[in-house]
Amino acid sequence: EDPASILLQAFHDACVTISNKSQLPMTSSEFFSQHIIPAARKVGTTIALKNTRFKKLGVFLMEQATNGIITLGANGEDPVAFVKSIDRSHIDLRDARRRKKENVESSSDNTTTKKSGNNNKLALAKLYIIPHHTVKLMALDDDDVKAAEAKSDVRRGTGFLTAPECRNILNKYILQNNLVDEYDPEMVKVDGPLCDTLYR
């Protein structure tokens, strides 16, 4: 299969699984490594970016932004440092939305079958709570901290967060406070509140 087609389908599948409210903005590198690549793996394919006509992630994302699927945020001289929002209703994502719906229905059927066979199985998850003094010190968004957009109805509004949700809160803080190093986007600067949170 054409490497560009694999990349595009994985990008579309990733877009329909990301929440604008709780997961964005995020760095473009995280979007690629944590969402696009796993989306390709789910269907048994791998991303070969250098074998596409885009060659670089930034070129690919800029084309998708031009198409109106995503909006990008700049950091210093990097115009594609962040993915700021996704238009999940975009017509180009129609097939991806269909695939997601089919996967959800299939998972639901499998879960029902498993439950009917054994009602005693439990699922354990490691959850975190951000301390009140940290929330106040870093001026974090109350809805984010309370897990208002949690996928699980049971967790929603409780303040119990998964590791990815905690990571998204940190990424949002970094972006809002311009802490990404303009000379090395893989590095972040530590401001006063973040320093106190990490080392006190």
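A few points on the structure.

Conventions and cut-offs
- Residues numbered from 1 in each chain as written.
- Predicted model: local features only at pLDDT ≥ 70, side-chain atom pairs only at ≥ 80, totals over all residues.
- Heavy atoms only, no water.
- Salt bridge = Lys/Arg side-chain N within 4 Å of Asp/Glu carboxyl O.
- Helix = DSSP H or I, 4+ residues; strand = E, 2+ residues; numbered from the N terminus.
- Buried < 20%, exposed > 50% of the residue type's maximum accessible area, 1.4 Å probe, protein only.
- Contact = heavy atoms within 4.5 Å.
- Polar contact = N/O pair within 3.5 Å; in protein donor to acceptor, adjacent residues only side chain to side chain.
- Phe/Tyr/Trp six-rings, centres within 6.5 Å; stacked < 30°, edge-to-face > 60°.

## Some remarks on the pattern of salt bridges
Item 1. Tallying each qualifying case throughout the model produces 7 salt bridges.
Item 2. Across the salt bridge formed by Glu 63 and Arg 53, the nearest N and O atoms sit 2.9 Å from each other. Here the residue Glu 63 occupies a position in helix 3 (residues 57-66), and Arg 53 occupies one in the loop between helix 2 (28-42) and helix 3, the gap between them amounting to 10 residues.
Item 3. When its relative accessible area of 59% is taken as the criterion, Arg 53 is described as exposed.

## Section: unusual backbone geometry
Item 1. Following Leu 24, the chain continues to Pro 25 via a peptide bond in cis, the omega torsion being 5°.
Item 2. With respect to the helices and strands, the residue Pro 25 is situated in the loop between helix 1 (3-15) and strand 1 (26-27).
Item 3. Although it is not a glycine, Asn 178 sits at a positive phi angle of roughly 55°.
Item 4. Mapped onto the elements of the fold, Asn 178 is located in the loop between helix 7 (163-176) and helix 8 (192-199).

## Concerning the environment of His 12
Item 1. Along the chain, His 12 falls in helix 1.
Item 2. His 12 sits in the buried class, given a relative accessible area of 11%.
Item 3. Separated by 60 residues in the primary sequence, His 12 and Leu 72 have C-alpha atoms spaced 16 Å apart.
Item 4. For His 12, the contacting residues outside a window of four places in its chain are Ile 69, Asp 92, Leu 93, Ala 96 and Arg 99.

## Some details on the environment of Ala 147
Item 1. Within the secondary structure, Ala 147 is located in the loop between helix 6 (142-145) and helix 7.
Item 2. Overall, the relative accessible area of 4% leaves Ala 147 in the buried class.
Item 3. As for Ala 147 and Ala 81, which are separated by 66 residues in sequence, their C-alpha atoms are 26 Å apart.
Item 4. Setting aside residues up to four positions removed in sequence, Ala 147 forms contacts with Arg 155, Arg 156, Gly 157, Gly 159, Phe 160 and Leu 161.

## As for the side chain of Gln 23
Item 1. Along the chain, Gln 23 turns up in the loop between helix 1 and strand 1.
Item 2. By relative accessible area, which is 15% here, Gln 23 ends up buried.
Item 3. There is a polar contact of 2.9 Å between the side chain of Gln 23 and the backbone nitrogen of Ser 19.
Item 4. Apart from the residues lying within four places of it in its own chain, the contact partners of Gln 23 are Thr 17, Ile 18, His 35 and Asn 168.

## Notes on the packing of aromatic side chains
Item 1. Using the criterion set out here, one finds 3 aromatic pairs in the structure.
Item 2. With a centroid separation of 5.9 Å and 90° between ring planes, the pair formed by Phe 11 and Phe 31 is classed as edge-to-face. With a gap of 20 residues between them, Phe 11 in helix 1 and Phe 31 in helix 2 connect regions that are remote in the sequence.
Item 3. Classification of Phe 11 as buried rests on a relative accessible area of 0%.
Item 4. Both rings, one in Phe 54 and one in Phe 60, keep their centres 5.0 Å apart while their planes meet at 75°; by these two values the pair is edge-to-face. Take Phe 54 and Phe 60: they sit in the same class, and that class is buried.
Item 5. Here the aromatic residues Phe 11, Phe 31, Phe 54 and Phe 60 are joined through ring pairs into a cluster of three or more.

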